[in-house]
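As a plain string of letters, each chain reads:
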Amino acid sequence: HKFEEVFALCDKVSVLRDGRFVGTKRLDDLTQAELVKMMIGRDVTESHLGRLDAEGGREMLRAEHVVRKGKVEDVSFAVREGEILGFYGLVGAGRTELARVLIGEDRLDAGTIFVRGERACIRSVADSLERYGIGYVTENRKEEGLLLQSAVSTNITITVWPRIVNRLTRAISRSKEVAITRGLIDSLSIRATGPNQRTEDLSGGNQQKVCISKWLAADCDILIIDEPTVGVDIGAKEQIHQLIWDLAKIRGKAIVLISSDMPEIIRIASRILVFRDRRVAGEISGVDDGTRTYAEVSAAIGTYLN
């Protein structure tokens, strides 16, 4: 699914979608847009998915002058209910490093974090989930985000085991586990044979949906999603973009989206913070209001990176 390689190396391309043969065409006669349409069954545009109208939403997460020595330098931001705040920058610019501080994985050396308007003391990932309702979809789903050898149901419900355990036997309720898993498989359109399917046998896109599902099962109001579409095909990428946007627009989640994919972050985010040298170099607001073209937003991002 790396288009540059396909067009650079191949003479012909055959496309399969949902287990069915779509067609074979010579690349001399095919544009990238036409190939994408064959792969996912519809046209794809770079236009934003839509306005989120989060200005009046409740402030869910605020950071003031956060410092993690050598990794994050004096970063402040706020994200509201129903908003997608983008963190854009190169690897090592401080985006993921800030996320690790926010969820308690790394120590906060200076600064203050507020959750729902109250000062938070987050000492661990368990703290961030159980006390503050913060979920973190890691950029490394295979090593950090999933138990690949385990069933889909195990991965989806692992964040809610304390809620579905039998107090007497200390055993996980299988019926509750299956019910939660089936509900999320259906609502997120995860392509799996069922709750018992081994997670490593899913496609990359469906594995990523399982990563997101476990935080939805825990009913997190704040989601930090790091590089959500790395290693997934164009069809899964479209689905994940729509899923993230729906979580903010329909379910009112406050989302911090970390991405080094410029088209992705411009297409989904309502505001973008540009990171450089472990700090915020600039902010671009109104990304979703339709007043700026893709070229204008990308040019504005570029000014903060130079």
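Because the structure is predicted, anything quoted here is derived from the model rather than measured.

1. Re the overall build of the chain
For step 1, the next point in the chain: Scanning the chain from N- to C-terminus turns up 12 helices and 12 strands.
For step 2, the next point in the chain: A compact globule built from 306 residues would reach a C-alpha radius of gyration of about 19 Å, and the chain, at 20 Å, matches this within 12%.
For step 3, the next point in the chain: Residues counted as buried form 51% of the 306 residues belonging to the chain.
For step 4, the next point in the chain: Residue pairs at least 24 apart in sequence account for 63% of intrachain contacts in the chain once pairs closer than 6 positions are excluded.
For step 5, the next point in the chain: Accessible area for the chain stands at about 15,100 Å²; split by element, carbon and sulfur atoms hold 46% of it.
For step 6, the next point in the chain: If the 44 positive side-chain charges of the chain are averaged to one point and the 45 negative ones to another, these points end up 5 Å apart.

2. As for the sheet that holds strand 10 (residues 254-259)
For step 1, the next point in the chain: Across the sheet, 6 strands lie side by side as 8-9-10-5-11-12; this open sheet has mixed pairing. Each of the sheet's edge strands pairs with one partner strand only, and the pair in question is strand 8 (134-137) and strand 12 (279-284). On average, each strand axis in the sheet is inclined to that of its neighbour by 20 degrees, with strand direction left out of account.
For step 2, the next point in the chain: In terms of strand pairing, strand 8 meets strand 9 (residues 222-226) through 4 bridges, oriented parallel. From the neighbouring strand, Val137 faces strand 9, where its bridge partner is Ile225.
For step 3, the next point in the chain: Running over the sheet, helix 10 (residues 234-249) touches strand 5 (84-88), strand 9 and strand 10 and is turned about 155 degrees from strand 10.
For step 4, the next point in the chain: Seen against the sheet, helix 12 (residues 294-305) touches strand 5, strand 11 (271-276) and strand 12 and runs at an angle of roughly 30 degrees to strand 11.

3. Description of helix 3 (residues 95-102)
For step 1, the next point in the chain: In terms of residue burial, helix 3 counts as a mostly covered element, since 6 of its 8 residues are buried.
For step 2, the next point in the chain: Taken together, the buried positions of helix 3 are Arg95, Thr96, Leu98, Ala99, Val101 and Leu102.
For step 3, the next point in the chain: Backbone geometry just after helix 3 places Gly104 at a positive phi near 85 degrees.

4. A word on the pairing of strand 3 (residues 59-68)
For step 1, the next point in the chain: Extensive coverage of strand 3 is indicated by the burial of 7 of its 10 residues.
For step 2, the next point in the chain: Relative to strand 4 (residues 72-80), strand 3 is paired through 6 bridges, and the arrangement is antiparallel. If you follow Ala63 over to strand 4, its bridge partner there is Phe77.
For step 3, the next point in the chain: With antiparallel pairing between neighbouring strands as the criterion, strand 3 and strand 4 make up a hairpin whose turn holds 3 residues, including Gly70 at a positive phi of roughly 80 degrees.
For step 4, the next point in the chain: Across 5 bridges, strand 3 lies against strand 6 (residues 110-115) in antiparallel orientation. Within the sheet, the bridge partner assigned to Ala63 lies in strand 6 and is Ile113.

5. What about the pairing of strand 6?
The side chains of a regular strand alternate, first on one face of the sheet and then on the other.
For step 1, the next point in the chain: Judged from the 3 bridges that link them, strand 6 and strand 7 (residues 118-120) form a sheet pairing that is antiparallel. When the sheet's bridge partners are listed, Val115 is paired in strand 7 with Glu118.
For step 2, the next point in the chain: Taking the residues that link successive antiparallel strands as the turn, the strand 6-strand 7 hairpin has 2 residues, and the phi of Arg116 there is positive, at about 55 degrees.

6. Remarks on unusual backbone geometry
For step 1, the next point in the chain: One non-glycine residue, His65, adopts positive backbone phi at about 55 degrees.
For step 2, the next point in the chain: Among the secondary structure elements, His65 is positioned in strand 3.
For step 3, the next point in the chain: Look at Asp277: it is not a glycine, yet its phi comes out positive at around 55 degrees.
For step 4, the next point in the chain: Following the sequence through the fold, Asp277 ends up in the loop between strand 11 and strand 12.

7. A short note on the state of the cysteines
For step 1, the next point in the chain: Per the counting criterion, the structure on display carries 0 disulfides.
For step 2, the next point in the chain: The thiol sulfur of Cys121 is not disulfide-bonded, and the nearest other cysteine sulfur, from Cys220, lies at 19 Å.
For step 3, the next point in the chain: For Cys220, which is in no disulfide, the shortest distance to another cysteine sulfur is to Cys211 and amounts to 13 Å.

8. Some thoughts on the environment of Arg80
For step 1, the next point in the chain: With respect to the helices, strands and loops of the structure, Arg80 is situated in strand 4.
For step 2, the next point in the chain: Along the backbone, Arg80 and Ile222 are 142 residues apart, and their C-alpha atoms lie at a distance of 9.2 Å.
For step 3, the next point in the chain: Beyond its immediate stretch of four places on either side in the chain, Arg80 contacts Ala54, Glu55, Gly57, Arg58, Glu59, Met60 and Ala254.
For step 4, the next point in the chain: From its side chain, Arg80 meets the backbone oxygen of Gly57 in a polar contact 2.7 Å long.

Definitions and limits used
- Here the residue numbers are simple positions, counted from 1 along each chain's written sequence.
- For a predicted model such as this one, the threshold for reporting local features is a pLDDT of at least 70, and the threshold for listing and counting side-chain atom pairs is 80 or more; totals across whole chains, interfaces and linings nevertheless cover every residue.
- Remark: hydrogens and water are excluded; side-chain values derive from all non-hydrogen atoms of the structure.
- Here a strand is any run of E in DSSP of at least two residues, a helix any run of H or I of at least four, and the numbering for each starts at the N terminus.
- Just to be clear, the radius of gyration here is over C-alpha atoms, and the globule rule we use is 2.2 Å times residues to the power 0.38.
- For every residue, the accessible area obtained with a 1.4 Å probe (protein chains only) is divided by the maximum for its type, and the residue is called buried under 20%, exposed over 50%, and partly exposed between those limits.
- For this analysis, residues touch if any pair of their heavy atoms sits within 4.5 Å.
- For accessible areas, the Shrake-Rupley method is used with a probe of radius 1.4 Å. Any residue's cover is judged against the shown protein chains and nothing else.
- By the counting scheme adopted, Arg and Lys are positive, Glu and Asp are negative, and His together with the chain ends is not counted.
- Throughout, a charge is located at the NZ atom of Lys, the CZ atom of Arg, the CG atom of Asp or the CD atom of Glu.
- At least two bridges found by DSSP between two strands is the condition for calling them paired.
- The convention used is that axes are lines fitted to C-alpha atoms, helices contributing only their stretch in contact, and that angles between N-to-C directions extend from 0 to 180 degrees.
- By disulfide we mean two sulfur atoms from cysteines, separated by a distance within 2.5 Å.
- Each polar contact in these results corresponds to two N or O atoms within 3.5 Å; when the atoms are within protein, one needs to be able to donate a hydrogen and the other to accept it, and residues that are neighboring in sequence are counted only if both atoms are side-chain atoms.

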